[in-house]
Amino acid sequence: MEDDPGEWASLDSRTVPASGVVATVTAAVVGAAAVVAVATRAPEAAGVAALWTLAAAVVLVLGTVCWAWARWRGAAYRVTPERVELHTGTLVRRRRSLPLHRVRTVDVTAGPVLRAFGLVVLRIGTGQQRGRGEATLALRSVDRMDAERLRSLLLDRMRSAGGPPAGPADGRIAELDPRWLRYGVLTAATPLLGVAVTLLLVVGLDPVPVWLPLVLVLPVGAAAALVLYAETWSGFRLDREPGDTLRVRRGVVTTRSISLEERRLAGVELVEPLGARLAGAARVDAVATGLLVGGTESTEHRTLLPTSPRRLAERVVAVILGESRAPTAAALAPHPAAARQRRLRRAAVAVAVPVIALALTGIPALMITAAVLLVVGGPLAAALAVDLARGLGHAVSGDYLVVRAGSLRRSTVALRRTGVVGWTVRQTVLQRRRGLVTVVATTAAGRGAFHAHDVDARAGVRLAAAATPRLVVPFVAGDQARVAAARGEQDQARAEERRDPGEPVERDEVEQHQLADGRRHQHQARHP
């Protein structure tokens, strides 16, 4: 990279030999597999197959090297005070430009081959949903040191183009503890990995003992999940850097460095898969704007802390949000018994339908299957339904709206109340009979909407009004309630300067009482 970042700079020329190495390794692996397959079926044709495979490999490698050279020669980039620009192409020139105030992510990744050459791929994204990758500029590839300087330059200019001023670095927030590796096997992917790897191991055996795959599935799946977790999260570090930027670094084979401006952070999500929850562990994801990749939120970009002990996860949440206590640890209001009854009925239907269908066939084997499904699946479905109901909860904790749901994947979201831009209240026919509603908080961050499922209708309105009085109270209360809500907001602003960790709950209670008084006045006005 040139000394003056406003001047045009070219990509690193080492990207050409690096592409040649990748093509050579790929051709060698695929070619060897093809020759072995031919030799197994027709040994007399192995020599001819090897010659043709070698010729194809040479063509592939030479073509890849020529293509990489042309791409390198035709690429140039620069960073100006207002924009980052990238020109690519030789026969067809393509010029792309992103305004710095729209840049949301600056990520650095490097596979094993690029790392061997001292290169990385720098991706600059806006997090918007645009076609054919138009929302991301990828510099493939640049020197590692140049990438770090360019990343710092981009973050500085992003802040000068509309972000907060740079501040002192807060340092390390969390780093990997080797003991966390045990959580890697407590996922739903473990048995799936076990089945896939076991099939690959026994495919060449003839005959295959019936008991062998059953014995191998869980140990092999656990080993594969452990290796996957180690490769993904080894070297993990979460730091707060100057200018209020969170930076996540991780990976062994493929290293990743992901930056997130804290001004884009609208909250956090505490994720507890069933296995991790039983072991007292959780993962921390960011709820932020600008994390869309291809129109969907990228898991790779939003994870701030891998699966780790829940107490540590809550401490990390508190540090990230700048709170003395994590909002995700707040006591949540349970949902009514009707919510549990709905889930129990769904579980009963989910088990009864296949059981009845199998029993009506009259085939003995299928009837036995129906009986086993009823005896085993019935209690499991009921337990899952009860756990789903117990997982429901909501609260307004200080400056955050907190909602929780899920069983196999329990999610507790703490969303800044200022980030809520609207509300949707949904009520199906069955919910109406039970007096339940689903309250949806709309936001520009994360998935765009967070649900409080099967809340009592009045409690749902109180929740929305307590979280965002200015949005909700004018639509559900009379004039006296509006005055009370405005007065409560003034008191809340005065108390903000001298509040301690215990006060947010008190303010929430005041807001709920104000809303209740407003609804009572409205009812009296409508029904004198």
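Nothing here was measured: the structure is a model prediction, and the numbers come from that model.

K.L.:
How should I be thinking about the overall build of the protein in this particular structure?
P.N.:
Secondary structure assignment for the protein yields 16 helices and 22 strands. By residue count, 43% of the 528 residues in the protein fall in the buried class. Counted over contacts in the protein with a minimum sequence separation of 6, partners at least 24 positions apart contribute 58%. Taken as a whole, the protein presents about 27,400 Å² of accessible surface, with 62% of it coming from carbon and sulfur.

K.L.:
Could you clarify how one ought to interpret the sheet that holds strand β10 (residues 245-250) in this entry?
P.N.:
What holds strands together in a sheet is hydrogen bonding between their backbones, with the strands either parallel or antiparallel. The 7 strands are arranged β7-β6-β5-β11-β10-β9-β8 in an open sheet whose pairing can be described as antiparallel. The open sheet has two free edges, formed respectively by β7 (136-143) and β8 (171-175), since each of these has just one partner strand. Taking each pair of neighbouring strands and ignoring which way they run, the sheet shows an average axis angle of 20°. Relative to strand β11 (residues 255-261), β10 runs antiparallel, the two being bridged by 6 bridges. When the bridges of β11 are listed, arginine 249 appears paired with serine 257.

K.L.:
Looking at this model, I keep getting lost on the environment of aspartate 454. Mind explaining?
P.N.:
Locating aspartate 454 in the fold gives a position in strand β22 (residues 449-456). By relative accessible area, aspartate 454 is classed as buried at 2%. The residues touching aspartate 454, leaving out its near neighbours within four places in the chain, are His335, Pro336, Ala339, Arg342, Arg343, Gln431, Leu436, Val437 and Thr438. At a separation of 2.7 Å, a polar atom in the side chain of aspartate 454 contacts the side chain of arginine 342.

K.L.:
Sorry, what's going on with the pattern of salt bridges here?
P.N.:
Once their charged atoms are close, side chains differing in charge can pair, the charge on each being opposite to the other. Tallied over the full model, the rule gives 24 salt bridges. Salt-bridge contacts for arginine 179 lead to aspartate 177; the nearest nitrogen and oxygen are separated by 2.8 Å. Judged by relative accessible area, which is 57%, arginine 179 ranks as exposed. Two residues, arginine 263 and glutamate 261, come together in a salt bridge whose shortest N-O distance is 3.3 Å. Glutamate 261 gets classed as buried once you look at its relative accessible area, which sits at 2%. Look at the salt bridges and you will find they share partners, linking Glu148, Arg151, Glu241 and Arg247 into a network.

K.L.:
Honestly, the packing of aromatic side chains in this entry has me stumped. Any pointers?
P.N.:
Pairs of aromatic rings are described using the distance from one ring centre to the other and the angle between the two planes. Per the counting criterion, the structure on display carries 1 aromatic pair. Seen from their ring centres, tryptophan 233 and phenylalanine 236 are 5.8 Å apart, and the 75° between their planes marks the pair as edge-to-face. Residue classification places tryptophan 233 among the buried positions, given a relative accessible area of 11%. What makes phenylalanine 236 buried here is its relative accessible area of 1%. Across the ring face of tryptophan 233, the terminal group of arginine 250 is positioned such that the distance to the ring centre comes to 4.5 Å.

K.L.:
Explain the pairing of strand β13 (residues 281-288) to me, please; I cannot follow it from the model alone.
P.N.:
Residues in a regular strand point their side chains to alternate faces of the sheet. Judged by how many residues are buried, β13 sits mostly within the fold: 8 of 8 residues are covered. Here β13 shows a buried face lined by Ala281, Arg283, Asp285 and Val287 and a second buried face lined by Ala282, Val284, Ala286 and Ala288. Pairing of strand β12 (residues 265-273) with β13, which is carried by 6 bridges, proceeds in the antiparallel orientation. Following the sheet pairing, leucine 265 is matched in β13 by alanine 288. With 4 bridges connecting them, β13 and strand β16 (residues 303-309) associate as antiparallel partners. For alanine 281, the partnering residue across the bridge sits in β16 and is proline 309.

K.L.:
Would you explain the packing of helix α1 (residues 15-41) against helix α2 (residues 46-74) in this entry?
P.N.:
Two measures define how a pair of helices packs: the angle their axes make with one another and the distance between the axes. For the pair α1 and α2, the least separation of the axes is 9 Å and the interaxial angle reads 160°. Taken together, the axes of α1 and α2 are roughly antiparallel relative to one another. The interaxial crossing formed by α1 with α2 has right-handed handedness. Residues belonging to the contact of α1 with α2 are distributed by class as follows: 16 nonpolar, 7 polar and 1 charged.

K.L.:
Would you mind showing me how to read unusual backbone geometry here?
P.N.:
Residues other than glycine predominantly adopt negative phi, and peptide bonds predominantly adopt the trans conformation. The omega torsion of the bond from arginine 140 to serine 141 falls at 0°, within 30 degrees of zero and hence cis. With respect to the secondary-structure elements, serine 141 resides in strand β7.

K.L.:
What should I look at first to understand the sheet that holds strand β18 (residues 400-405) in this one?
P.N.:
Pairing is antiparallel in the open sheet, where 6 strands are placed in the order β16-β13-β12-β19-β18-β17. Each edge of the open sheet is held by one strand with a lone partner, namely β16 and β17 (393-397). Pairwise comparison of adjacent strand axes, ignoring direction, gives a mean angle of 15° for this sheet. Across 6 bridges, β18 lies against strand β19 (residues 409-416) in antiparallel orientation. Within the sheet, the bridge partner assigned to alanine 405 lies in β19 and is serine 411. Together, β12, β13, β16, β18 and β19 form the strand contacts of helix α9 (residues 310-321), whose direction differs from that of β12 by roughly 175°.

K.L.:
How should α9 be read in this particular structure?
P.N.:
Think of an α-helix as 3.6 residues a turn; residues three or four steps apart then line up on the same face. Along its 12 residues, α9 runs 16 Å from first to last C-alpha, staying within 8% of the 16 Å computed at 1.5 Å per residue. Within α9, the full set of buried residues consists of Leu312, Ala313, Glu314, Val316, Val317, Ala318, Ile320 and Leu321. Glycine 322 sits one or two residues past α9 and shows a positive phi near 70°.

K.L.:
Where do I start with α2 in this structure?
P.N.:
Here α2 is 29 residues long and its end C-alpha atoms lie 42 Å apart, about the 42 Å a rise of 1.5 Å per residue gives. Those residues of α2 that sit buried are Ala46, Ala49, Ala57, Val61, Thr64, Ala68 and Gly74. Of the surrounding secondary structure, the elements contacted by the buried residues of α2 are α1, β2 (76-79) and β3 (83-88).

K.L.:
When you look at the packing of helix α10 (residues 337-360) against helix α11 (residues 364-391) in this model, what are you seeing that I'm missing?
P.N.:
Across the interface, α10 lies against α11 with an axial gap of 9 Å and an inter-helix angle of 170°. The angle between α10 and α11 falls in the class roughly antiparallel. Taken together, the residues of the contact of α10 with α11 sort by class into 18 nonpolar, 3 polar and 2 charged.

K.L.:
What should I look at first to understand the side chain of glutamine 431 in this one?
P.N.:
One can find glutamine 431 in helix α12 (residues 429-434). Side-chain polar atoms of glutamine 431 contact the backbone nitrogen of threonine 428, separated by 3.0 Å. Every residue in contact with glutamine 431, bar those within four places of it in the chain, is listed here: Arg342, Arg426, Leu436, Val437, Thr438 and Asp454.

Calculation notes
- Residues numbered from 1 in each chain as written.
- Predicted model: local features only at pLDDT ≥ 70, side-chain atom pairs only at ≥ 80, totals over all residues.
- Heavy atoms only, no water.
- Helix = DSSP H or I, 4+ residues; strand = E, 2+ residues; numbered from the N terminus.
- Buried < 20%, exposed > 50% of the residue type's maximum accessible area, 1.4 Å probe, protein only.
- Contact = heavy atoms within 4.5 Å.
- Areas by Shrake-Rupley, 256 points an atom, 1.4 Å probe, with all protein chains shown as cover.
- Pairing = 2+ DSSP bridges.
- Axes fitted to C-alpha atoms, helices over the stretch in contact; angles between N-to-C directions.
- Polar contact = N/O pair within 3.5 Å; in protein donor to acceptor, adjacent residues only side chain to side chain.
- Salt bridge = Lys/Arg side-chain N within 4 Å of Asp/Glu carboxyl O.
- Phe/Tyr/Trp six-rings, centres within 6.5 Å; stacked < 30°, edge-to-face > 60°.
- Lys NZ or Arg CZ within 6 Å of the ring centre and 35° of its normal.
- Parallel < 35°, antiparallel > 145°, perpendicular 65-115°, else oblique.
- Left-handed = near helix turned anticlockwise from the far one by under 90°.
- Nonpolar A, V, L, I, M, F, W, Y, C, P; charged D, E, K, R; others polar.
- Expected span 1.5 Å × (residues − 1).

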